[in-house]
Amino acid sequence: MSKIENIETIIVDIPTIRGHVLSMTTMRQQSIVLVRIRFSDGSEGLGEGTSIGGMSYGPESPESIKLAIDSYLAPVIIGEDGDRVNSVTDRMRKSVRGNPIAHCAVETALWDGLARRLGVPVAQLFGGAVNTRMPVAWTLASGVSETDIVEARQMLAQRRHNIFKLKIGKRPVRDDIAHVAAIRAALGDAASIRVDVNQAWNVTDARWGLAGLQEIGVDLVEQPIDSRQIRALKVLTDQYEIAVMADEALQGPQSAMIAAADRSADVFAVKIAQSGGLKAASEVCAIGRAAGIGLYAGTMLEGGIGTAAALHLFSTIPTLGWGTELFGPLLLTDEILTRPVEYRDFSVVLPQGNGLGVEIDPGKLNHYRRDRHRKVHVVALKS
Ligand code: MUC
Ligand code: MG
């Protein structure tokens, strides 16, 4: 038995390589909640809980994720057997409602710890990898069409990405369509172009938007309208040929079931964090697959640990027809892992080794942890 002895949470703030302009916010840094679980046999497990733009994307923030873990999740699982992941996560779910990102962060650390103790990759716990490399999209979101075109051309030349997701919804629909058309025309058939509206349109805007996007040859539109308007999403899915993807509407298996029952979307953007953990994300995939809905591995723009966790799960899904957007570490100016996640030939590579196959660089962690100043202060007071 490997008892859960201690759960440590650390907020890490890392600047982004450029402003990342989404319909609801512009990100200039990413705040990652790192979770480290220590077990009684001396083993450890790592997890990550990351959201986007404070509370502008969803109801959890870095601070609330840390608080939910420290004050509510940790107390109910300390002393429990870390080898019994299902029983530990069931205990967490019975004690803490909602907070899927916090749940995911702790669950990830439990899977990492178990897999390290067994001497296998996390993917092995989900039946083993089917793909050790997966197609990976990049998000063009500088806010300026010309800058996005230069960035996309660089990515194509480096053979890093040939799938581009454009963030739109901040400007009037016509302006957004002109922006997407300019990028589409500049890149021609060399790339797949998709857009993410992050719920910004009302249904009327969405009709104009989908018609325009379809006409200029965009392959897919993600979450065009409010996540709660699931029936309206179905109408859009049925009315247009362009693929419609659900993202924010998917908050775990129950919401996936509702969307699948009505076939409200053509594609599911499955996120481990939004689903509430790797296990729940695998259930979302199963529900989508059973309904004939396409699958795409989404991201909350996690750093290396969260991205590795997602890669382990999605490597086990044979039907990831729309690929992945697991590029989070590339949006950051620095890395806290000793060996970064690898990107080459338009793909992201599944990290090798036991557990998640990642290790933290202690120097980098000390440099970027939010409480670094407070720590220095405490030391100074003691001496
Ligand atoms: C989202 O809504 O999908 C994923 C990629 C990106 O640039 O933003 C995220 C969030
Ligand atoms: Mg999205």
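What counts as what
- Residues numbered from 1 in each chain as written.
- Chains lettered and ligands numbered in written order.
- Predicted model: local features only at pLDDT ≥ 70, side-chain atom pairs only at ≥ 80, totals over all residues.
- Heavy atoms only, no water.
- Salt bridge = Lys/Arg side-chain N within 4 Å of Asp/Glu carboxyl O.
- Helix = DSSP H or I, 4+ residues; strand = E, 2+ residues; numbered from the N terminus.
- Buried < 20%, exposed > 50% of the residue type's maximum accessible area, 1.4 Å probe, protein only.
- Domains from an automatic or database assignment.
- Contact = heavy atoms within 4.5 Å.
- Buried area = accessible area lost by both parts, 1.4 Å probe.
- Polar contact = N/O pair within 3.5 Å; in protein donor to acceptor, adjacent residues only side chain to side chain.
- Pairing = 2+ DSSP bridges.
- Axes fitted to C-alpha atoms, helices over the stretch in contact; angles between N-to-C directions.
- Near = heavy atom within 4 Å.

Q: I tried to follow the pattern of salt bridges on my own but got confused; where do I start?
A: Think of it this way: side chains of opposite charge can pair up when their charged atoms draw near. Taken as a whole, this structure holds 27 salt bridges when the rule is applied. Among the salt bridges present, the one from Glu325 reaches Lys165, with a minimum N-O distance of 2.6 Å. Pair noted here: Glu325 is in the loop between α12 (304-314) and β12 (343-344) and Lys165 is in strand β6 (residues 163-167), with a separation of 160 residues, a long-range link. Residue classification places Lys165 among the buried residues on the basis of a relative accessible area of 4%. Among the ionic pairs, Arg228 bridges to Asp226, the shortest N-O distance being 2.7 Å. Judged by relative accessible area, which is 70%, Arg228 ranks as exposed. Via salt bridges that share partners, Lys165, Lys167, Asp196, Glu222 and Glu325 belong to a single interconnected network.

Q: So what exactly am I meant to see when it comes to the domain arrangement of the protein chain here?
A: Reports often express the size of an interface as the amount of accessible area lost when the parts come together. For the protein chain, the assigned domains read domain 1 (4-119 + 360-380) and domain 2 (125-349). Taking only C-alpha atoms into account, the centre of domain 1 sits 24 Å from that of domain 2. Contact residues are listed per partner, giving 41 residues for domain 1 and 45 residues for domain 2. Of the roughly 3,500 Å² buried between domain 1 and domain 2, counting both surfaces, carbon and sulfur atoms make up 65%. It is Arg18, Ser23 and Tyr57 in domain 1 that bury the most area against domain 2; as a group they hold 18% of the surface buried on that side. Applying the counting rule to domain 1 against domain 2 returns two salt bridges. Salt-bridge contacts for Asp334 lead to Lys364; the nearest nitrogen and oxygen are separated by 3.1 Å. On the surface where domain 1 and domain 2 come into contact, there are 21 residue pairs in polar contact (both at pLDDT 80 or more).

Q: Even after reading the chapter, I still don't get the sheet that holds strand β10 (residues 267-270), so can you show me in this structure?
A: Across a sheet, paired strands are connected by hydrogen bonds in the backbone, their directions being either parallel or antiparallel. With parallel pairing, seven strands are arranged side by side in an open sheet as β5-β6-β7-β8-β9-β10-β11. Across the chains shown, the open sheet's two edge strands, defined by having one partner strand only, are β5 (138-140) and β11 (294-297). With direction set aside, neighbouring strand axes in the sheet form an average angle of 30°. Pairing geometry for β10 and β11, over four bridges, is parallel. Within β11, the position partnered with Val270 by the bridge is Ala297. Against the sheet, helix α6 (residues 173-187) engages β5, β6 and β7 (192-196), with an angle of about 165° to β7.

Q: Explain the site of ligand 1 here, please?
A: Neighbouring ligand 1 are 15 residues; His20, Thr139, Lys165, Asp196 and Asn198 lie closest to it. Contacts to ligand 1 include Asp196, whose side-chain N or O atom sits 3.0 Å from an oxygen atom. Lys271 is positioned with one of its side-chain polar atoms (N or O) 3.2 Å from an oxygen atom of ligand 1.

Q: Just to check I follow, could you spell out the sheet that holds strand β2 (residues 26-39) for this structure?
A: With antiparallel pairing, the three strands of this open sheet are ordered in space as β1-β2-β3. The two strands at the open ends of the sheet, each matched to only one other strand, are β1 (4-21) and β3 (44-50). Strand-to-strand twist of the sheet, defined as the mean angle between neighbouring strand axes without regard to direction, takes the value 20°. Alignment of β2 against β3, held across seven bridges, turns out to be antiparallel. Residue pairing across strands places Val35 opposite Gly47, the latter belonging to β3.

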